[in-house]
Amino acid sequence: MPLDSSFVGRSYPPESTYDVGREKIREFADTIGDSNPLYHDPEAAKAAGYPDVIAPPTFLTILNLPAINKVVADPELGLDYSRMVHGNQRFSHSRPVHAGDRLSLTVYIEDIMERAGNDFLTARAEIVDEAGEHVCTTSAQLVVRRADA
């Protein structure tokens, strides 16, 4: 059964905030093998004009993935996780994320379409800081092979 296109426009508001810490940034940078001093050294980051260490651009996956999982787990949508793969991911930053940020994220179902027996769901997330200022927009496309295809 195809995904219900009436879900386009549905939003999933933030359930909590995420406090960005130096250690989490360092762990993420180490995991992806990036030794950029802006991700590790507060003094280097301050010398470059940032208030603290900054995060690699894909760091926001830490927030984005659980939020997208709320969409996937929505029982009304009826998405079969066992038939899903991640199609693509994009990040559009207004500014770098830095240690000390307190971020929240709202997810929107932006598009649902069918092509060649697969459903394509595009979810957009708007990430803002504690002051409500835009930090990043993410976009993820999920591909779900339909059982009836």
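This write-up is about the structure you can find in this document. (Residues numbered from 1 in each chain as written. Predicted model: local features only at pLDDT ≥ 70, side-chain atom pairs only at ≥ 80, totals over all residues. Heavy atoms only, no water.)

**Some words on helix α1 (residues 22–31)**
For step 1, the next point in the chain: Along α1, the positions that sit buried rather than exposed are Ile 25, Phe 28 and Ala 29. Taken around the axis of α1, the buried residues stretch over an arc of 100 degrees, which confines them to a single face.
For step 2, the next point in the chain: Those residues of α1 that are buried are in contact with α2 (37–40) and α4 (61–72).
For step 3, the next point in the chain: A positive phi of about 75 degrees marks Gly 33, the residue just after α1. (Buried < 20%, exposed > 50% of the residue type's maximum accessible area, 1.4 Å probe, protein only. Helix = DSSP H or I, 4+ residues; strand = E, 2+ residues; numbered from the N terminus. Arc of directions from axis to C-beta. Contact = heavy atoms within 4.5 Å.)

**Observations regarding the side chain of Gln 141**
For step 1, the next point in the chain: You can see Gln 141 is positioned in strand β6 (residues 134–145).
For step 2, the next point in the chain: Using a relative accessible area of 17% as the deciding quantity, one classes Gln 141 as buried.
For step 3, the next point in the chain: Gln 141 has contacts with Val 85, His 86, Gly 87, Asn 88, Phe 120, Leu 121 and Thr 122, leaving out every residue within four places of it along the chain.

**Some details on the nonpolar core**
For step 1, the next point in the chain: One finds Val 107 and Leu 121 to be the most contacted residues of the largest nonpolar core, which totals 39 residues.
For step 2, the next point in the chain: Among the secondary structure elements, those contributing two or more residues to this core are α1, α2, α4, β4 (102–115), β5 (118–128) and β6.
For step 3, the next point in the chain: Apart from the residues within four sequence positions on either side, Val 107 is in contact with Arg 10, Ser 11, Tyr 12, Ala 67, Ile 68, Val 71, Ala 123, Arg 124 and Ala 125. (Core = buried A, V, L, I, M, F, W, Y, C linked by side-chain atoms within 4.5 Å.)

**Focus on α4**
For step 1, the next point in the chain: The terminal C-alpha atoms of α4 lie 16 Å apart, and with 12 residues this matches the ideal 16 Å at 1.5 Å per residue to within 8%.
For step 2, the next point in the chain: When we look at burial in α4, the residues that qualify are Leu 63, Asn 64, Ala 67, Ile 68, Val 71 and Val 72.
For step 3, the next point in the chain: Where α4 is buried, its residues meet β1 (11–12), β2 (18–19), β3 (84–93), β4, β5 and β6. (Expected span 1.5 Å × (residues − 1).)

**Some words on the packing of aromatic side chains**
For step 1, the next point in the chain: Evaluation of the coordinates by the stated rule reveals 2 aromatic pairs.
For step 2, the next point in the chain: Centroid distance Phe 28 to Phe 59: 5.6 Å. Interplanar angle 85 degrees. Geometry classified as edge-to-face. Residue Phe 28 is located in helix α1, and its partner Phe 59 is located in the loop between α3 (42–47) and α4; the two are separated by 31 residues in the primary sequence. For the pair Phe 28 and Phe 59, one class covers both residues: buried.
For step 3, the next point in the chain: Through successive ring pairs, a cluster of aromatic residues spans Tyr 18, Phe 28 and Phe 59.
For step 4, the next point in the chain: The cationic tip of Arg 115 hangs over the ring face of Phe 120; the distance from NZ or CZ to the ring centre is 4.5 Å. (Phe/Tyr/Trp six-rings, centres within 6.5 Å; stacked < 30°, edge-to-face > 60°. Lys NZ or Arg CZ within 6 Å of the ring centre and 35° of its normal.)

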